[in-house]
Amino acid sequence: MKHARLRRLCRHGTLTQLAVFEAVARHGSITRAAEEMCLAQPTVSLQMKKLAEGVGTPLLESGNRGLRLTDAGREVYAACEDVFGRLTQMQDRVGELKTRPPSTLRIAASATAKYIMPRLLGAFWQSNPGVKIVFDLMNRSRLITRLHSGADDFYVFSNPPEHMDVTLHTLTPNPLCVYARRDHPLALRRRIPLADIASQPFIMREAGSGTRLAAEQLFSERGLEPNVCIELASSEAVKQGLLDGLGGSLLSRHALGPDAAHSGLVELDVEGLPLRRHWYLAHSANRQLTPMEQTFVGHATRWSYAAASEIRLNA
Ligand code: PGA
C-alpha cells in the first residue's frame, strides 16, 4: 500500500524535476533557474514540461513579470519546500553523526579490579556496542587523585575514600584472604591465629595499595605487626612471590581466578578471615549522570548481583 502510493507519487516528478521546478518558481524565470543550476535553458523547459505531464495539470503560467505559479504549482512548490527542507535537515544530522565520536565511558579502577572489570565491561559492551570504553588501572592512592581531578566518569574501588563527596554503587563481593604456597608451614593448619601469620614472612603490596591498607588495618587492629619480607607492586607479582615460596600474603580471592585449585597456592584458614569487602562503582556525588551512564550503573549492579552467587559458591 505504502509502496503503491510512493510509485504513484514518483510519477509526479523526479527529485531532479522538483529541484528544477523549485528554482524556476523562486526566480519566476527559466533563464535564471538555468543559470543557477548550470543547465541549458531547453533542459529546464523540458524538465518543467515533463513534471507538468506527470502531475497532470499546468504548474506555471505567464504573468506580467515572468512566470507565475498556478494553484497546482503553489501546492507543488509548498511540497518542494517541505521535501528539500527535510532532506537538508537529514544531511546535516547525518553529517553530525559522522563527525561526532561515539559515546565514551571512562572508567578508572584500582589495580585488583582487573580480575572482574573486563568481564563486567565486556557484557556491557555487547549490549551497547556504540559505546567506546576506556578502562585504566592504578593503585588506590593514584585512583583517589584521579577521582579528585574528575578525569573519568566512574571509579572502581574496594576500599573507597571516606572523606569525599562520592556516590557509591555496590558491586560484587571482594573477599580478602591469606594465600601461600602449598608447602607453607601453616598450609595444613585450621583456624590459624593471626599472630601466627604475623610471625611468618609476609609479602606486602606497595604503598598506596588498597590491599596493603586492608592488611595494615587487619594486623594493627589486633595489635600485631607483620614480618614483611618484601614489598611488591602488583597482585600478579605477589602471586609470583608466593609461588617462589617467599611467604604468605593478603590477596583478593578474585586474584586467584576461576582455576584457584590449580594455581599452586592455597588459602590459609586464618581466624577472622576472609575480610568481607566489596567492589564499589563510584562517581562524584554532584555529577548528573547521562542516560548512557545510568544504563551502565544499572548493568554493573545487575551483573554484580548475578556474579555474586558464583563468588559465594567459590567461598
Ligand atoms: P589495590 O586496591 O588494587 O590498590 O590493592 C584495591 C582497593 O581498591 O582496595
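Right, let's get into the overall build of the protein chain. Within the protein chain, the secondary structure is distributed over 11 helices and 11 strands. Taking 315 residues into account, the globule formula puts the C-alpha radius of gyration at 20 Å, and the protein chain, at 35 Å, lies well above it. Pairs at least 24 apart in sequence give 75% of the contacts found in the protein chain among residues at least 6 apart. Taken as a whole, the protein chain presents about 17,900 Å² of accessible surface, with 53% of it coming from carbon and sulfur. Taken as two groups, the 38 positive and 31 negative side-chain charges of the protein chain have centres that lie 7 Å from each other.

Turning next to the side chain of Ser209. As for its placement among the helices and strands, Ser209 is situated in the loop between β7 (201–205) and α9 (210–221). Given the relative accessible area of 3%, Ser209 is considered buried. Once residues within four sequence positions are removed from consideration, Ser209 is found in contact with Asn139 and Arg140.

We now examine helix α4 (residues 41–55). In a regular helix each residue adds 1.5 Å, so 15 residues correspond to 21 Å; α4 covers 21 Å between its end C-alpha atoms and thus fits that length. Listed in full, the buried residues belonging to α4 are Val44, Gln47, Met48, Leu51 and Ala52. One side of α4 holds all its buried residues, which, seen down the axis, span an arc of 135°. Those residues of α4 that are exposed and angled more than 90 degrees off the buried face are Pro42, Lys49 and Glu53. Those residues of α4 that are buried lie in contact with α2 (15–27), α3 (30–36) and β1 (60–63). A positive backbone phi angle near 95° is found at Gly56, which sits one or two residues after α4.

This part covers unusual backbone geometry. The step from Leu273 to Pro274 runs through a cis peptide bond, and the omega angle for that step is 5°. Mapping Pro274 onto the fold places it in the loop between β10 (265–267) and β11 (275–284). Although it is not a glycine, Cys38 sits at a positive phi angle of roughly 55°. For Cys38, the position within the fold is in the loop between α3 and α4. Here the phi dihedral of Arg191 falls at roughly 45°; this positive angle occurs in a residue that is not glycine.

Let's shift gears to empty space enclosed by the protein. Remark: the empty space left among the atoms is shown by a probe the size of a water molecule rolled over them. This structure, assessed with the given rule, holds one cavity of 30 Å³ or more. Its boundaries defined by the atoms lining it, the largest cavity holds a volume of some 140 Å³. Lining the largest cavity are 18 residues, with Ser110, Thr112, Ser158, Gly210 and Thr211 sitting closest to its centre. Among the elements of the structure, β6 (166–181), α9 and β11 are those that each provide at least two residues to the lining of the largest cavity. It is α9 that contributes the most residues to the lining of the largest cavity, three residues altogether. Taken together, the residues that form the lining of the largest cavity break down as six nonpolar, nine polar and three charged. Built from parts of two domains, the lining of the largest cavity gets at least three residues from each of domain 2 (100–173 + 278–310) and domain 3 (176–267).

Rules of the game
Residues numbered from 1 in each chain as written. Predicted model: local features only at pLDDT ≥ 70, side-chain atom pairs only at ≥ 80, totals over all residues. Heavy atoms only, no water. Helix = DSSP H or I, 4+ residues; strand = E, 2+ residues; numbered from the N terminus. Rg over C-alpha atoms; globule rule 2.2 N^0.38 Å. Contact = heavy atoms within 4.5 Å. Areas by Shrake-Rupley, 256 points an atom, 1.4 Å probe, with all protein chains shown as cover. Lys, Arg positive; Asp, Glu negative; His and termini not counted. Charge placed at Lys NZ, Arg CZ, Asp CG, Glu CD. Buried < 20%, exposed > 50% of the residue type's maximum accessible area, 1.4 Å probe, protein only. Expected span 1.5 Å × (residues − 1). Arc of directions from axis to C-beta. 1 Å grid on protein atoms, 1.4 Å probe; cavity = no way out; pocket = protein on both sides within 12 Å on 5 of 7 lines; lining within 4 Å. Points joined across faces, edges and corners; volume = space filled by probe spheres on them. Nonpolar A, V, L, I, M, F, W, Y, C, P; charged D, E, K, R; others polar. Domains from an automatic or database assignment.

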